[in-house]
Amino acid sequence: MKSYYTLPLTALLLTATVSPVATFAATPTKVETKKPLSEKALAKKKAAIAKLATSLIGTPYKEGGTTIKGFDASGFTQYVYQKSGLTLERTIAKQVAMPLKTVTLKKAMPGDLLFVQAKKAKTPNFVGIYTGKNTFVAVTTKKVESQDLTWSYYTKQDILLKSYQ
């Protein structure tokens, strides 16, 4: 049976014995943990997210864009959340993989992330920000636009909504 731990453990032991000063050089730092937002505070923050997303309608599409000079889909959602004080990963794949709460359309709140996935695709290929009443704001191939989930294109796709908290 092959041991996968021999090399890393040996390397770890060598590092520890070669440089004992390193164990004293680093001072432990206190990690700040943020309290979760109250429901009221979260609803207010999400409303601000939806309002900011809507205010950016008309901003041009730019491949790889992450600023108001031009956005791609995940650059847009990351920008809006960042301006609202919340952190999102950069790509659609990483955003959908974040440990966010999955919600139904009935329970979705303006400001939640909305992912679109073609029926036969393995992962979502589009992301936007839900604004309520079956609408969301997202970057198309031309610009940031309001989209309607009742349009025939979206009724044929899988829709996944994720809530920051």
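Preceding this paragraph is the structure being described.
What you see is a predicted model; the values in this text were computed from it and never measured. (Residues numbered from 1 in each chain as written. Predicted model: local features only at pLDDT ≥ 70, side-chain atom pairs only at ≥ 80, totals over all residues. Heavy atoms only, no water.)

S.K.: What's the story with unusual backbone geometry in this structure? I'm lost.
M.R.: Excluding glycine, residues mostly have negative phi values, and the peptide bonds linking residues are mostly trans. Backbone geometry places Lys133, a non-glycine residue, at a positive phi of 50 degrees. Assignment of secondary structure puts Lys133 in the loop between strand S5 (126-132) and strand S6 (135-139). A residue is classified by how much of its surface remains accessible, and Lys133, at 81% relative accessible area, is exposed. The residue Asn134 is not glycine, and still its phi comes out positive at about 60 degrees. In this structure, Asn134 sits in the loop between S5 and S6. The partly exposed category is assigned to Asn134, whose relative accessible area is 29%. (Helix = DSSP H or I, 4+ residues; strand = E, 2+ residues; numbered from the N terminus. Buried < 20%, exposed > 50% of the residue type's maximum accessible area, 1.4 Å probe, protein only.)

S.K.: What's the story with the packing of helix H3 (residues 39-55) against helix H4 (residues 73-83) in this structure? I'm lost.
M.R.: Relative placement of two packed helices is described by the angle separating their axes and the distance separating the axes. Where H3 contacts H4, the two axes come as close as 9 Å, and the packing angle between them is 130 degrees. Relative to H4, the element H3 is oriented oblique. Handedness of the crossing formed by H3 with H4: right-handed. Residue-level contacts link Ile49, Leu52 and Ala53 of H3 to Phe76, Val80, Tyr81 and Lys83 of H4. When grouped by side-chain class, the residues that make up the contact of H3 with H4 number 6 nonpolar, no polar and 1 charged. (Axes fitted to C-alpha atoms, helices over the stretch in contact; angles between N-to-C directions. Parallel < 35°, antiparallel > 145°, perpendicular 65-115°, else oblique. Left-handed = near helix turned anticlockwise from the far one by under 90°. Contact = heavy atoms within 4.5 Å. Nonpolar A, V, L, I, M, F, W, Y, C, P; charged D, E, K, R; others polar.)

S.K.: When you look at the pattern of salt bridges in this model, what are you seeing that I'm missing?
M.R.: Where charged atoms from two side chains of opposite charge approach closely, those side chains can pair. Tallied over the full model, the rule gives 3 salt bridges. The residue Lys119 makes a salt bridge to Asp158 at a minimum N-O spacing of 3.0 Å. Here Lys119, found in the loop between strand S4 (113-117) and S5, pairs with Asp158, found in strand S8 (residues 158-163); they are 39 residues apart in sequence, far enough to count as distant. Among the residues examined, Lys119 registers a relative accessible area of 52% and is labelled exposed. Assessed through its relative accessible area of 33%, Asp158 is described here as partly exposed. (Salt bridge = Lys/Arg side-chain N within 4 Å of Asp/Glu carboxyl O.)

S.K.: Sorry, what's going on with H3 here?
M.R.: Count 3.6 residues to each turn of an α-helix, and residues three or four apart come out pointing the same way. Helix length check: H3, at 17 residues, gives a terminal C-alpha distance of 24 Å against a target of 24 Å (1.5 Å per residue), a fit within 8%. All buried positions along H3 are accounted for by Leu42, Lys46, Ile49, Ala50 and Ala53. For H3, the arc enclosing every buried residue in end-on projection is 95 degrees, short of the 170-degree limit, so these residues lie on one face. Residues Lys40, Lys44, Lys51 and Ser55 are exposed on H3 and point more than 90 degrees away from its buried face. (Expected span 1.5 Å × (residues − 1). Arc of directions from axis to C-beta.)

S.K.: Looking at this model, I keep getting lost on H4. Mind explaining?
M.R.: Among the 11 residues of H4, 9 are classified as buried, and the element is accordingly described as predominantly covered. All of the buried residues along H4 are Ala73, Ser74, Gly75, Phe76, Thr77, Gln78, Tyr79, Val80 and Tyr81. A positive phi of about 85 degrees marks Gly85, the residue just after H4.

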